[in-house]
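Listed here are the chains, written in short residue letters.
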Amino acid sequence: MSGSVDSWPALSFLEGLRPGPDESVELALLASYSADLESIGATLLALAGKDTDAGRGSPSDFADAVERPRGKVRIIIQRGRLAKMRKTPRIAAVLDQLVREVDFDEATHSWHPKAALVRTLDANGEIGWRLWIGSRNLTECVNREIGLLLISGAKGGAAIPGAEELARDLADRATLKGLRSTSLAGTIAKVAWRSPAGVRVERIVWSAGSGGQTIPVPPIGTDEIVVVSPFIDKNFLARQAPQSTRPMRRMLLTTMREIERVGPSLAMFDDLLALDAPDYPIGDPEPDQQSAASAPDSGMAEDEEEEVGRGLHAKLLFMRSGQKRRLWLGSANATMRAWTGRNAEVTAELLVTEPVERGLRALLGSARLVEAPSTEHSPDAAALEDETLERARAQVAARWAAQLSIHEAGARLTHRSDLHPGGPHPDETDIVLEVGALQGELMAWPTQQVVVELGPVAPAERSEFVRLRVCREGKGLSWLQRAPAEPPFGEDRDRAAFVRFLGARGFLLWLAGLLAEDGREGEGDWTKDEPQHRAGTITNPVLDSSLPTLEEMLAAWARDPDRFMEIERRVSQYLPAVLEQAKREEPQTAEMLERFDDLWRKLRRGLGVAESKGTRR
């Protein structure tokens, strides 16, 4: 298909989250089926307004993006769906405090919504809201996605039924201190939302995973129905093609893999269209050292990352009756499991105009027309083995009841479960379960062994994230999972991690950026472990224009005393540890830090500012 039709406007997920120039994020609840640590970091940078066009940021930007929203951000994902990256940055350990996993057993249902609810506060004290609903997971994968961004605003806005149900469940699962789900739901029910041009939101459909939802079916008089989904099943599609005396055009856009799997029954559609399968995180990425050694240079790695995937991951259902156009979009695939409510899903039901329909035509026009297969496809041995490993992953995730503790010998994982007292191992006994600390080596976890010693872990690298892998005959599947620490690591762990991560120079660059508030760009990339670069000796701070100056310190106080006090809190928390590290590693840098400390104390006394209590050690 082809033709000069208009595509839908392109707005990246991160752009939708980013606050305006005079706004700050006060609350952010995000739901996703899967995630990876790099994408979580990019999301935090966007919420702090510090991300680059590539979704990256400097170490000092990352430190600020984690510190500012402390206690205000939660990312809620399906347990077992946190992807293992090829190279996990050591500072990513601190992201464990943001992630909450839903323990749905994927044998029966999944936590599958993709949504973001964000509250902002502007310079005048006005509260704003953003609500995003769509198909995109929090992973680095780039596919064809669809989403709807709603922004609060009394002028031209309207309350949307169902939004409060989404807010209530997200708040319940976020477990943020001081956040009451009933109160949040009541607030969201009164918010007036502004929709994009050509769109009227009828309602938001939230299913919590307990079933009982009603599937939309084409009413009598429907002229056309379009189903777009990377995953399909026969029963759901049969509901969308009822027998009718009136001609109705039926179109399905999915992937060739699904077309071959479902087979001849797809002949019910007048147009059967195909796009590539979506890209997903690699199930068993290469070991870190092997990956690093195989990369010829950093430039090549950047080029590889810029490749744009074109797989289909958008999910929508469209029905047209005369001039009435109804569109459902969100996280639900064209399957019974998604639409009957067995999965937790979120979908927006819209009335759209003809120009919006043209965007759908553009998507359909990018696909290739194919014939329905004459036979159903039988999976080969490799596909069956992949399915077996996926099933093993889901079983381990569902049976997970491990807790992390720190002892003299290092980190210890203890599994406690009445239902699975011998461990979270999969049913098939020849599948090996391996486990390790986030930056540690994997080791086999024998069945009936409920305590696993993970070995020494430096204080700066402690994390509730642990590595897991299931494998058989050399083929495996890796992921990360959270094991709550007892006692919790708290801010001491974060402080140690950031001191090691930033080094002396990185710490001062962080302060300089906070003081100046001039959009000053820090150095480096938070995803790259380069402590030797950031911790390098500062030979002549007078000549380094990136470091904080006395004028900037005074200007920061004059501009916003409250903001200055926030910076003072960070100086009091971090400087002693940075100084201690510098004394051990770089005496010359330590002398410079002591001079900065002396200057900061004199400035504080001169301004009559009390030292932040309980932070200096």
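For the structure, check the block above.
Residues numbered from 1 in each chain as written. Predicted model: local features only at pLDDT ≥ 70, side-chain atom pairs only at ≥ 80, totals over all residues. Heavy atoms only, no water.

Some remarks on the overall build of the protein chain
Across its full length, the protein chain holds 17 helices and 24 strands. For 617 residues, the compact-globule formula gives about 25 Å, and the C-alpha radius of gyration of the protein chain, at 26 Å, lands near that figure. Viewed in the frame of its principal axes, the protein chain has a C-alpha envelope of about 85 × 60 × 50 Å. Within the protein chain, buried positions represent 53% of all 617 residues. At a minimum sequence separation of 6, the contacts of the protein chain that also span at least 24 residues come to 76%. (Helix = DSSP H or I, 4+ residues; strand = E, 2+ residues; numbered from the N terminus. Rg over C-alpha atoms; globule rule 2.2 N^0.38 Å. Buried < 20%, exposed > 50% of the residue type's maximum accessible area, 1.4 Å probe, protein only. Contact = heavy atoms within 4.5 Å.)

Here we look at the packing of helix α15 (residues 550-559) against helix α17 (residues 587-607)
Between α15 and α17, whose axes approach to 11 Å, the crossing angle comes to 35 degrees. As for how α15 packs across α17, the hand of that crossing is right-handed. Here L550, M553, L554 and W557 of α15 lie close against α17, whose contacting residues are F596, L599, W600, L603 and L607. Considering only residue class, the contact of α15 with α17 consists of nine nonpolar, no polar and no charged. (Axes fitted to C-alpha atoms, helices over the stretch in contact; angles between N-to-C directions. Left-handed = near helix turned anticlockwise from the far one by under 90°. Nonpolar A, V, L, I, M, F, W, Y, C, P; charged D, E, K, R; others polar.)

Topic: the packing of aromatic side chains
We describe a pair of aromatic rings using the distance from one ring centre to the other and the angle between the two ring planes. Tallying each qualifying case throughout the model produces 14 aromatic pairs. Ring geometry for F62 against F501: centres 6.2 Å apart, planes inclined by 75 degrees, an arrangement best described as edge-to-face. Of this pair, F62 sits in helix α3 (residues 59-67) while F501 sits in helix α13 (residues 490-516), placing them 439 residues apart in sequence. Given a relative accessible area of 4%, F501 falls into the buried group. The rings of F62, F498, F501, W510, W526 and Y574 are connected pair by pair, giving a single aromatic cluster. (Phe/Tyr/Trp six-rings, centres within 6.5 Å; stacked < 30°, edge-to-face > 60°.)

Things to note about the environment of T335
In this structure, T335 sits in the loop between β15 (324-330) and α10 (336-339). For the pair T335 and F231, spaced 104 residues apart in sequence, the C-alpha to C-alpha distance is 7.1 Å. Non-local contacts of T335, meaning those with residues more than four positions away in its chain, are made with F231, I232, D233 and F236. A polar side-chain atom of T335 sits 3.2 Å from the main-chain amide nitrogen of A338. (Polar contact = N/O pair within 3.5 Å; in protein donor to acceptor, adjacent residues only side chain to side chain.)

Focus on the environment of H425
Within the secondary structure, H425 sits in the loop between β19 (410-415) and β20 (432-437). Residue H425 is classed as buried on the basis of its relative accessible area of 10%. Taking the C-alpha atoms as reference points, H425 and W400, separated by 25 residues in sequence, lie 8.8 Å from one another. In terms of polar contacts, H425 uses its side chain to reach the backbone carbonyl oxygen of W445, at 2.7 Å.

Regarding the pattern of salt bridges
Per the stated rule, a full pass over the model turns up 51 salt bridges. Between R469 and E434 there is a salt bridge; the shortest N-O distance is 3.1 Å. Of this pair, R469 sits in strand β23 (residues 465-472) while E434 sits in strand β20, and the two are 35 residues apart along the sequence. A residue is classified by how much of its surface remains accessible, and E434, at 16% relative accessible area, is buried. Across the salt bridge formed by E594 and K583, the nearest N and O atoms sit 3.7 Å from each other. Placement of E594 in helix α17 and of K583 in helix α16 (residues 561-585) is noted, with a sequence separation of eleven residues between them. Its relative accessible area of 38% is what places E594 among the partly exposed residues. (Salt bridge = Lys/Arg side-chain N within 4 Å of Asp/Glu carboxyl O.)

Concerning the pairing of strand β1 (residues 23-32)
Counted residue by residue, β1 has seven buried out of ten residues, so it is predominantly covered. Here β1 pairs with strand β6 (residues 115-122) via eight bridges, running antiparallel. Bridge pairing links A28 to V118 in β6. As judged from the five bridges shared by β1 and strand β3 (residues 73-78), these two strands associate in the parallel manner. If you follow L30 over to β3, its bridge partner there is I75. (Pairing = 2+ DSSP bridges.)

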